[in-house]
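# A look at the structure
The chain contents come next:
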Amino acid sequence: MKRRVVITGLGIVSPVGNTAEEAWAAVLAGRSGIGPITHFDSEKFSARIAGEVRDFDPAKFIEKKEIKKMDAFIHFAVAAAQEAMDDSGLKITESNAERIGVDIGSALGGLAIIEREQEKLLNGGPGRISPFFIPATIINLAAGQVSMRFGAKGPNTAPATACASGAHAIGDSFRMIRRGDVDAMLCGGGEAAITATGIGGFAAMRALSTRNDAPTEASRPFDKGRDGFVMGEGAGILLLESLDQALARGAKIYAEIVGYGQSADAFHLTQPDEVGDGARRAMRNALADAGITPDDIGYLNAHGTSTPAGDRAETAAIHALFGDHPARLAVSSTKSMTGHLLGAAGAVEACFTALTLRDQRIAPTINLTDPDPDCDLDYVPNTARQAEIRYALSNSFGFGGTNVTLAFKRYDG
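Conventions we followed
- Residues numbered from 1 in each chain as written.
- Predicted model: local features only at pLDDT ≥ 70, side-chain atom pairs only at ≥ 80, totals over all residues.
- Heavy atoms only, no water.
- 1 Å grid on protein atoms, 1.4 Å probe; cavity = no way out; pocket = protein on both sides within 12 Å on 5 of 7 lines; lining within 4 Å.
- Points joined across faces, edges and corners; volume = space filled by probe spheres on them.
- Helix = DSSP H or I, 4+ residues; strand = E, 2+ residues; numbered from the N terminus.
- Nonpolar A, V, L, I, M, F, W, Y, C, P; charged D, E, K, R; others polar.
- Buried < 20%, exposed > 50% of the residue type's maximum accessible area, 1.4 Å probe, protein only.
- Pairing = 2+ DSSP bridges.
- Contact = heavy atoms within 4.5 Å.
- Salt bridge = Lys/Arg side-chain N within 4 Å of Asp/Glu carboxyl O.

## Concerning the layout of surface pockets
- What the largest pocket holds in volume is close to 510 Å³.
- Among the secondary structure elements, those contributing two or more residues to the lining of the largest pocket are helix H10 (277-290), helix H11 (308-322) and strand E13 (391-398).
- The greatest single-element share of the lining of the largest pocket, amounting to five residues, is contributed by H11.
- Of the residues contributing to the lining of the largest pocket, the split by class is 13 nonpolar, 14 polar and six charged.
- Space inside the second largest pocket adds up to approximately 250 Å³.
- Lining the second largest pocket are 15 residues, with His39, Ala72, Ala112, Ile194 and Glu233 sitting closest to its centre.
- Among the elements of the structure, helix H3 (72-88) and helix H4 (111-124) are those that each provide at least two residues to the lining of the second largest pocket.

Dropping the structure here:
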C-alpha cells in the first residue's frame, strides 16, 4: 500500500528573503531580488547582474571554525535545513534516526572555492591547496553536512541533474517515503554559482540577460523582450513525512505531494525541442502518478527561466497536455523575482507551490508587459491573485534534457 506524503517543514535562503515566510511575502508582493553583482568584479562581463543572497551570516548556523570547510552552497543548504527542521518540530533521536534521510542536490557545487584553490595552485604550487578543498566543494557534502548536523542516519544522497537537481531530490524522497523505506526526508537543493566562472560560462553560451542597466526588469519570463535568464543563488529545503507520522505527532501540514514525473528530451545539450515534448511527458507522468487529470490542476509553477526558446517550449508543452484547460489554468514564474537558482530552483519553487496551496494565493510573473505571441497562457501578470486551488504542479528542467514535474495537493485533513 502506498503511503501518503506531506510537507511539514520549509526552509528558504534566497535573493528575496532568508526565510520561507519572508521569501513568500516578497514574491506575493512582486518584489525583485535582482541587482548588480557584488560577489566579484564583473565590469568586463557581458552580464553584470544576478540574484544574490543578501544579509546572510553563516555564523548564525555554523560554528565559525567550520565555515571555511564549506562552500556557500553548503552554508545556504544548512541554514535552510535548520529552518525546515525548526519549522517542522521533528526531533531526530537514536530511535528514529535510521528512518530519516537527507537528499540535497546542486548543479555546480562549490565553484567559488574551486576558483580560489586553483589560484593557489597556480601561484604557490600544490602545497598551497587546502585539505578542506574537496569536502568543501563536492555536491554531496550539502547532504552530508546536514545529515551530520541533525544525526539523520537514513539515505544520504545528492542529485546532480543541472537545474532539475532540487526537484529530483524532492521527488526521489517522496518515493522513498511512499514505499516505506523511510518515514521522513530533508530534501531540496543548494546553489552558489554567482562567481567569475559561473557567470562567465553561462555568458559565453549567451544564456544570460544583459539588461544590466535595469536589473529588476531583467528576468521577464514569457515577455517578448526577454533576452536570457538571470543567475540566482540560495537553497530550498523541505521536510517530508509520511502522513501517519505527521498526524501522530500533531505536526502542521503545508500540503501533500501526490505525484512525481520524469522524462528526457533526448534532443540537445541545452535546448528543448520546439514543442516541449519532454516537458509534456514529465507533466503527464506526474499526473498519472498522482491519479489525476489535467482538469484537476488549478496552478502551475513554471520552469519559466526567461530564455526565448525555453519559455516557448514550456508553453507549447502545456497546450499539448492540457488541451482547452489552459483557459482555466493559472501559470506563473517566480524566477521573474528570484532569478534562476539552478539546482536550488526546483526546491525553492516547490516551497512556493506548497505555500500557494496553503494560502490559496498565486504569486505573479512580474515584468510581463509585452507578452510574446507564442506565450499565450494566463501567467498571472504582475499582481498576485487569490484563487481556489486543490492541485498544483511545479516544473523543473535541466541541461542535457532532464525534466521533472512535482504534483501537489491542498491538504484538507
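## Description of the pairing of strand E8 (residues 255-264)
- The element E8 is largely enclosed, with a buried count of eight among its ten residues.
- Alignment of strand E1 (residues 5-13) against E8, held across three bridges, turns out to be antiparallel. For Val5, the partnering residue across the bridge sits in E8 and is Ile257.
- In terms of strand pairing, E8 meets strand E14 (residues 402-409) through eight bridges, oriented antiparallel. Bridge pairing links Glu256 to Lys409 in E14.

## Examining the environment of Ile114
- Its place among the elements puts Ile114 in helix H4.
- Taking the relative accessible area as the measure of exposure, Ile114 reaches 35% and is therefore partly exposed.
- When the C-alpha positions of Ile114 and Asp71 are compared, they lie 9.1 Å apart, and in sequence the two are 43 residues distant.
- Ignoring any residue separated from it by four or fewer positions in sequence, one finds Ile114 in contact with Phe133 and Thr137.

## Overview of the pairing of E13
- With eight of eight residues buried, E13 is to be regarded as a mostly interior element.
- Both faces of E13 are covered, namely the face carrying Tyr391, Leu393, Asn395 and Phe397 and the face carrying Ala392, Ser394, Ser396 and Gly398.
- Sheet analysis places strand E9 (residues 297-301) next to E13, joined by four bridges and oriented parallel. By the bridge assignment, Leu300 is partnered in E13 with Leu393.
- In the sheet, E13 pairs with E14 via eight bridges, with the strands oriented antiparallel. In the sheet register, Asn395 faces E14, and the bridge partner there is Thr405.
- The turn linking E13 back onto E14 is made up of three residues, and Gly400 within it adopts a positive phi angle of 90°.

## What about the pattern of salt bridges?
- All told, the structure shown has 21 salt bridges when counted by the stated rule.
- In this structure, Asp277 and Arg281 form a salt bridge, with 2.8 Å as the shortest nitrogen-oxygen distance. Separated by four residues within a single helix, Asp277 and Arg281 lie in helix H10, roughly one turn from each other.

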